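# Residue-level structure breakdown
Read off the chains here:
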Amino acid sequence: FPLIVVGFYGIPHRFRTLYLLGASLWFYMMWKPAFVIVLLCCIAVAYVGGVGIRRSGTKVAKKAWLLGSSMVPILMLLVFKYYNFFAETVTSLGRRMDSSIAAPALRLALPIGISFFTFKAISYLVDVYRGTIATERNPLKLATYISFFPQVLAGPIERAGNLMPQLSEVKRLDTKRITDGLALMLWGLFKKAVIADQLAVYVSYIYGSPTEYQGIPLILATYFYAFQIYCDFSGYSDMAIGAARVLGFSTMKNFDLPYISSSVGEFWRRWHISLSTWFRDYIYIPLGGSRVPAWKWARNVLLVFLVSGLWHGAAWTFIIWGGLHGAFLLAERYIRPPVTALWEKTRLSTFPALTKTLGILVTFHLVSFSWIFFRAQSVSDALYIVSNLFAGFDRNLSFVLTVFKAADLFSIAFWIALLILAHFIQKSGSALQWLRNRSRALRWAVYAALVLAIINFRPEFQAEFIYLQF
């Protein structure tokens, strides 16, 4: 990354788009070089589709180009990510019906980042069709937007209307922007390497063989996973956004303190914002959004969340996870009026801080409950965990003290408390802005503390970024 940054600022502006494209493709090929063909194919189809939409004289022709070009990235997802899931489902159904129906499996590796770069291509095509952005005539700019290396592996799922115009801007050295970007990358690396990876040790231990445990170990592992996935994915997003900022690019925010949400609806306005807004703009609103009869609105919500679950992974656990969030949102709509009336009747509405705190606690536990299905290796494992969360308490404490050493638990509690403290600072404004307003000595003390924490507290077990599997 330092070499890429030095090269980027050291060459003339007219070569920088080509330079970034080369860096992005090189970065992608560091995984498996052959799969860059999939990425390039997606880019080529998006470019041809955009040009075809622009040149079409009728709405029917434009729609034909949109559907035809969008189907290619969708087919890529279906073949590489979902084919074996559907094949296994068909085969399983055939066995249950004593039928010989069976679908052959394909031995295909999943191209890393495919869920992210295909969604960027589709959103570009839809935006061109809608007329919200102009067709990009320079294939290098479009290719750089889709393959942009900070985002190509796990997002954020940037919109073309935000990133592509910035490729035409002359980027000059700005020490404030570079410092802010590096600080954000450092904070993201700390969240991933120190907090998420420490939590991953225990989560993997319990969720790897959950049927061996009951009660407290399962509860702790579930709570730990809620913080692990947040620190893991928001840490990646911070590093991606920070890397882009060092290069002079402003990209969309992907997390906004999701665990202080007082409703599941608010949670989805704060969690993985680039994905939730993508589903809102390209699926939910085209289906009619909330401006339809109640039953159609319920259908729209459930459909969006079931698709969201499937987007995360080709497994029934993810589909159930998405369905749970859809059910939570539907329940909120019908429960909110009687709950509001109850607050009024009991005069708890005069204590807004209390009702908000209750809302945050309920939302956090609903979200944590749904994470069980997201993390479990199978539906049967998830159901076992759910049914044994509150079992065996008489013999759990000694197990916890044996497996979860007191020192390790204290360390985890300390880092989570530090994370919560940072959230309180960030709640009243940007944490970077808060740090920028402090003295230089304090700023560098914080930077040094984060670096030392990463060096000294990063566990030997280094988990892969969770969202790379999607």
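Computed from a prediction, not measured in an experiment: that's the story for all the values here.

Rules of the game
- Residues numbered from 1 in each chain as written.
- Predicted model: local features only at pLDDT ≥ 70, side-chain atom pairs only at ≥ 80, totals over all residues.
- Heavy atoms only, no water.
- Helix = DSSP H or I, 4+ residues; strand = E, 2+ residues; numbered from the N terminus.
- Rg over C-alpha atoms; globule rule 2.2 N^0.38 Å.
- Buried < 20%, exposed > 50% of the residue type's maximum accessible area, 1.4 Å probe, protein only.
- Areas by Shrake-Rupley, 256 points an atom, 1.4 Å probe, with all protein chains shown as cover.
- Lys, Arg positive; Asp, Glu negative; His and termini not counted.
- Charge placed at Lys NZ, Arg CZ, Asp CG, Glu CD.
- Polar contact = N/O pair within 3.5 Å; in protein donor to acceptor, adjacent residues only side chain to side chain.
- Contact = heavy atoms within 4.5 Å.
- Expected span 1.5 Å × (residues − 1).
- Arc of directions from axis to C-beta.
- Core = buried A, V, L, I, M, F, W, Y, C linked by side-chain atoms within 4.5 Å.
- Patch = residues over 30% accessible without salt bridge, like charges linked within 9 Å, V, L, I, M, F, W, Y side chains within 5 Å.
- Salt bridge = Lys/Arg side-chain N within 4 Å of Asp/Glu carboxyl O.
- Axes fitted to C-alpha atoms, helices over the stretch in contact; angles between N-to-C directions.
- Parallel < 35°, antiparallel > 145°, perpendicular 65-115°, else oblique.
- Left-handed = near helix turned anticlockwise from the far one by under 90°.
- Nonpolar A, V, L, I, M, F, W, Y, C, P; charged D, E, K, R; others polar.
- pLDDT = per-residue confidence, 0-100.
- Phe/Tyr/Trp six-rings, centres within 6.5 Å; stacked < 30°, edge-to-face > 60°.
- Lys NZ or Arg CZ within 6 Å of the ring centre and 35° of its normal.

With that settled, the discussion passes to the overall build of the protein chain. Counting its regular elements, the protein chain contains 19 helices and 0 strands. Against the compact-globule benchmark of 23 Å for 470 residues, the protein chain has a radius of gyration of 24 Å, which places it among compact chains. Taken along the three principal axes of its C-alpha coordinates, the protein chain extends 70 × 70 × 50 Å. Burial status across the protein chain gives 51% buried among its 470 residues. In the form shown here, the protein chain has an accessible surface area of approximately 22,700 Å², with 67% of it arising from carbon and sulfur atoms. In the protein chain, 45 positive and 22 negative side-chain charges are present, and the distance between their average locations comes to 10 Å.

Its place among the elements puts Asn388 in the loop between α15 (379-387) and α16 (396-403). Engagement of the side chain of Asn388 in a polar contact is seen with the side chain of Ser387, the distance being 3.2 Å. Discounting residues that sit within four places of it in the chain, Asn388 has contacts with Gln214, Gly215 and Leu218.

Moving on, we come to helix α12 (residues 294-312). Over its 19 residues, α12 extends 27 Å from the first C-alpha to the last, a length consistent with the 27 Å expected when each residue adds 1.5 Å. When we look at burial in α12, the residues that qualify are Trp297, Ala298, Asn300, Val301, Val304, Phe305, Ser308, Gly309, Trp311 and His312. Around the axis of α12, the buried residues are gathered within 160° of arc, so they sit on the same side. Contact partners of the buried residues in α12: α4 (59-96), α5 (114-130), α10 (264-270), α11 (273-284), α13 (316-345) and α14 (352-375).

Once that is clear, we can look at the nonpolar core. Tyr124, Tyr259, Trp271, Trp371 and Tyr467 are the most contacted members of the largest nonpolar core, which has 135 residues in total. With 19 residues, helix α9 (residues 216-246) is the single largest residue contributor to this core. Sequence-distant contacts of Tyr467, defined by excluding residues within four places in its chain, comprise Phe116, Ala154, Ile229, Phe233, Trp271, His272, Trp311, His312 and Phe374.

The next thing to look at is a nonpolar patch on the surface. Residues Met71, Ile74, Leu75, Leu78, Val79, Phe86, Leu106 and Leu108 make up a contiguous nonpolar surface patch of about 620 Å² in total accessible area. With respect to the secondary-structure elements, Leu78 resides in helix α4.

Right, let's get into the packing of α12 against α13. Interaxial distance between α12 and α13 falls to 7 Å at its minimum, and their mutual angle equals 150°. As summarised for this structure, α12 and α13 are arranged roughly antiparallel, according to the angle between their axes. Judged by the sense of rotation from one axis to the other, the crossing of α12 with α13 is right-handed. Residues Ala294, Trp297, Ala298, Val301, Leu302, Phe305, Leu306, Ser308, Gly309, Leu310 and His312 of α12 touch α13, and the partners they reach there are Phe318, Ile319, Trp321, Gly322, Gly323, His325, Gly326, Ala327, Leu329, Leu330, Arg333 and Tyr334. Per-class residue counts for the contact of α12 with α13 are 15 nonpolar, 7 polar and 1 charged.

Attention shifts here to the pattern of salt bridges. Scanning all chains against the criterion turns up 12 salt bridges. The residue Arg177 makes a salt bridge to Asp174 at a minimum N-O spacing of 3.9 Å. Classification of Asp174 by relative accessible area gives partly exposed; the value is 32%. With its nearest N and O atoms 3.9 Å apart, the salt bridge here joins Glu332 to Arg336. Placement of both Glu332 and Arg336 in helix α13 is noted, with a separation of 4 residues, approximately one turn of the helix. Each of Lys253, Asp256, Glu266 and Arg270 takes part in one network of salt bridges that share partners.

Another point: the confidence of the model for the protein chain. Residues with a pLDDT of 70 or more make up 96% of the protein chain, whose mean pLDDT is 90. Within the protein chain, α16 has the poorest average pLDDT of any element, 60, and helix α6 (residues 139-147) the best, 97.

Residues Gly155 and Pro156 are joined by a peptide bond in cis, for which omega reads 0°. Relative to the assigned elements, Pro156 resides in the loop between α6 and α7 (160-167). Despite not being glycine, Leu257 has its phi angle at roughly 50°, a positive value. Along the chain, the position of Leu257 falls in the loop between α9 and α10. Phi is positive for His272, which is not a glycine, with a value near 45°. With respect to the helices, strands and loops of the structure, His272 is situated in the loop between α10 and α11.

In this section: the packing of aromatic side chains. What describes a pair of aromatic rings is the distance from one ring centre to the other and the angle between the planes of the rings. For the structure shown, the criterion picks out 49 aromatic pairs. Summarising the aromatic geometry, the rings of Phe85 and Phe86 are spaced 5.4 Å apart at their centres and angled 50° between planes, so their arrangement reads as tilted. Look at Trp371 and Phe374: their rings are 5.1 Å apart centre to centre, the planes differ by 85°, and that puts the pair in the edge-to-face class. Taken together, the residues span about one helical turn, with Trp371 and Phe374 both in helix α14 at a distance of 3 residues. You can call Phe374 buried: its relative accessible area is 3%. Seen from the ring of Tyr145, Lys120 lies directly overhead, with NZ or CZ sitting 4.8 Å from the centre.

Looking at the secondary structure, you find Val292 in the loop between α11 and α12. The exposure class assigned to Val292 is partly exposed, which follows from its relative accessible area of 22%. Filtering out sequence-adjacent residues up to four positions away, Val292 remains in contact with Leu287, Trp297 and Asn300.

Take α5 next. Between its terminal C-alpha atoms α5 stretches 24 Å, which fits the 24 Å expected from 17 residues at 1.5 Å a residue. Burial within α5 is extensive, with 16 of its 17 residues counted as buried. Following α5 by one or two positions, Gly131 has its phi on the positive side, about 85°.

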